[in-house]
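# Analysis of the macromolecular model
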Amino acid sequence: MAQKIWLILFIVWGLPLTYYRSKFRKIVYQTESWTINIKPYFWKELKALFGNLYPENRNYLKFRNFYRMYLTIYALLFGCYLFFNQNPEMKKIEVGSVIPQFALPDQNGNLFDINSVLGKKNLVIYFYPKDDSPGCTAQACSFRDQFEVFSEADAVIIGISGQSVESHKAFAEKHRLSFTLLSDEGNKIRKLFGVPTDLFGLLPGRVTYVVDKSSKVVYMFSSQLQTERHVEDALNVLKDLK
């Protein structure tokens, strides 16, 4: 929660930045033309910001001091966001890692224990942002369409996201999904795997892990936009495991 607060403060404080920089550049380059904002001039601007380019110009001195303070607070807010976004207890799962044990409710409300398939089946565990969003729907339907091929590779597909059991059930029924969806409300398992976030933490990451029968990750792929590649790459890796 703390990192979201700092991120919001960082974004809100940064909204007027374009206006303030434009005003400062006009003072520095002594022009009222808006085109100064798109010209690749930087050295004089930096010199004016950190130095004393016009010591007799009170308007320049006053705005320079304000602009310095503004940028300092902006940098501090960003630093706070990065600091509070750290999770020292989170160990990122990578290729070669043994996946952690966990249990979550599936779309039917039944508790799914990973130990029921771990070491017995190949696993394709994929974390996705949200039920029924365009990208997540395309990805889920692609897994659905290749379900028999995954079964032939002795693989179990498991989708995980932070929505409720009811949301997962509606999502699965709407798109006739034939594999397991697990409800990770609170994102505990997502954090356990160390799944990264996108857009400064606003968007949960989309990551697929292929796990062999020794319980080790043999492949992982992270991409928000290349939804079908998650499926294609997982199939190619499973073929090599045979």
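The rules behind these values
Residues numbered from 1 in each chain as written. Predicted model: local features only at pLDDT ≥ 70, side-chain atom pairs only at ≥ 80, totals over all residues. Heavy atoms only, no water. Salt bridge = Lys/Arg side-chain N within 4 Å of Asp/Glu carboxyl O. Helix = DSSP H or I, 4+ residues; strand = E, 2+ residues; numbered from the N terminus. Buried < 20%, exposed > 50% of the residue type's maximum accessible area, 1.4 Å probe, protein only. Lys, Arg positive; Asp, Glu negative; His and termini not counted. Polar contact = N/O pair within 3.5 Å; in protein donor to acceptor, adjacent residues only side chain to side chain. Contact = heavy atoms within 4.5 Å. Core = buried A, V, L, I, M, F, W, Y, C linked by side-chain atoms within 4.5 Å. Pairing = 2+ DSSP bridges. Axes fitted to C-alpha atoms, helices over the stretch in contact; angles between N-to-C directions. Parallel < 35°, antiparallel > 145°, perpendicular 65-115°, else oblique. Left-handed = near helix turned anticlockwise from the far one by under 90°. Nonpolar A, V, L, I, M, F, W, Y, C, P; charged D, E, K, R; others polar. pLDDT = per-residue confidence, 0-100.

Turning next to the pattern of salt bridges. Tallying each qualifying case throughout the model produces eight salt bridges. Where R229 meets D233, a salt bridge forms, and the shortest distance between an N and an O atom there is 2.9 Å. With R229 and D233 both in helix α9 (residues 227-241), this residue pair falls four residues apart, about one helical turn. Using a relative accessible area of 35% as the deciding quantity, one classes R229 as partly exposed. Several salt bridges converge on common partners, so that one network encompasses R21, R25 and E45.

Attention now moves to the side chain of D131. Note that D131 resides in the loop between β3 (122-127) and α5 (134-145). Buried within the structure, D131 lacks any salt-bridge partner; its nearest side chain of opposite charge belongs to K130, at an N-O separation of 9.2 Å. A distance of 2.7 Å separates the side chain of D131 from the side chain of H168, its partner in a polar contact. The residues touching D131, leaving out its near neighbours within four places in the chain, are S161, Q163, S167, H168 and F171.

Our next topic: the nonpolar core. Counting residues in each nonpolar core, the largest one holds 23 residues, and the members touching the most others are Y126, F143, F150, F179 and L181. At the level of elements, β3, α5, β4 (155-161), α7 (165-174), β9 (217-222) and α9 are the ones that each hand at least two residues to this core. The element contributing the most residues to this core is α9, with five residues. Residue contacts for F150: discarding those within four places in its chain leaves V124, F143, A155, I157, V231, A234, L235 and L238.

Time to look at the sheet that holds β4. Here we have five strands laid out as an open sheet, ordered β5-β4-β3-β8-β9, and mixed in their pairing. The two strands at the open ends of the sheet, each matched to only one other strand, are β5 (180-183) and β9. Across the sheet, the mean angle separating the axes of adjacent strands is 20° when strand polarity is ignored. One ladder, built from six bridges, connects β3 with β4; its direction is parallel. The residue of β4 that forms the bridge with I125 is I158.

Bringing unusual backbone geometry into the picture now. Even without being glycine, Q30 reaches a positive phi, approximately 50°. Inspection of the secondary structure assignment puts Q30 in the loop between α2 (17-28) and α3 (43-50). The class of Q30 is exposed, set by a relative accessible area of 57%. Positive phi values are uncommon outside glycine, yet N187 reaches one of about 55°. Along the chain, N187 turns up in the loop between β5 and α8 (188-193).

Relative orientation and spacing of two packed helices are given, respectively, by the angle between their axes and the distance between those axes. It is at 8 Å that the axes of α5 and α9 come closest, and there the two elements cross at 25°. Comparing the axis directions of α5 and α9 gives the class roughly parallel. Crossing hand, α5 versus α9: right-handed. Contact residues: α5 offers G135, A138, Q139, S142 and F143, while α9 offers T227, E228, H230 and V231.

Looking now at the packing of α2 against α3. The N-to-C vectors of α2 and α3 enclose an angle of 95°; their axes lie 10 Å apart at closest approach. The angle between α2 and α3 falls in the class roughly perpendicular. Touching R21, F24, R25 and V28 of α2 are K44, E45, A48 and L49, all from α3. When grouped by side-chain class, the residues that make up the contact of α2 with α3 number four nonpolar, no polar and four charged.

What follows is about the side chain of Q224. Mapped onto the elements of the fold, Q224 is located in the loop between β9 and α9. The buried category is assigned to Q224, whose relative accessible area is 17%.

Mean pLDDT over the chain works out to 88, with 91% of the residues at or above the 70 mark. The secondary structure element of the chain with the lowest average pLDDT is helix α1 (residues 2-14), at 70, and the one with the highest is strand β1 (residues 103-105), at 97.

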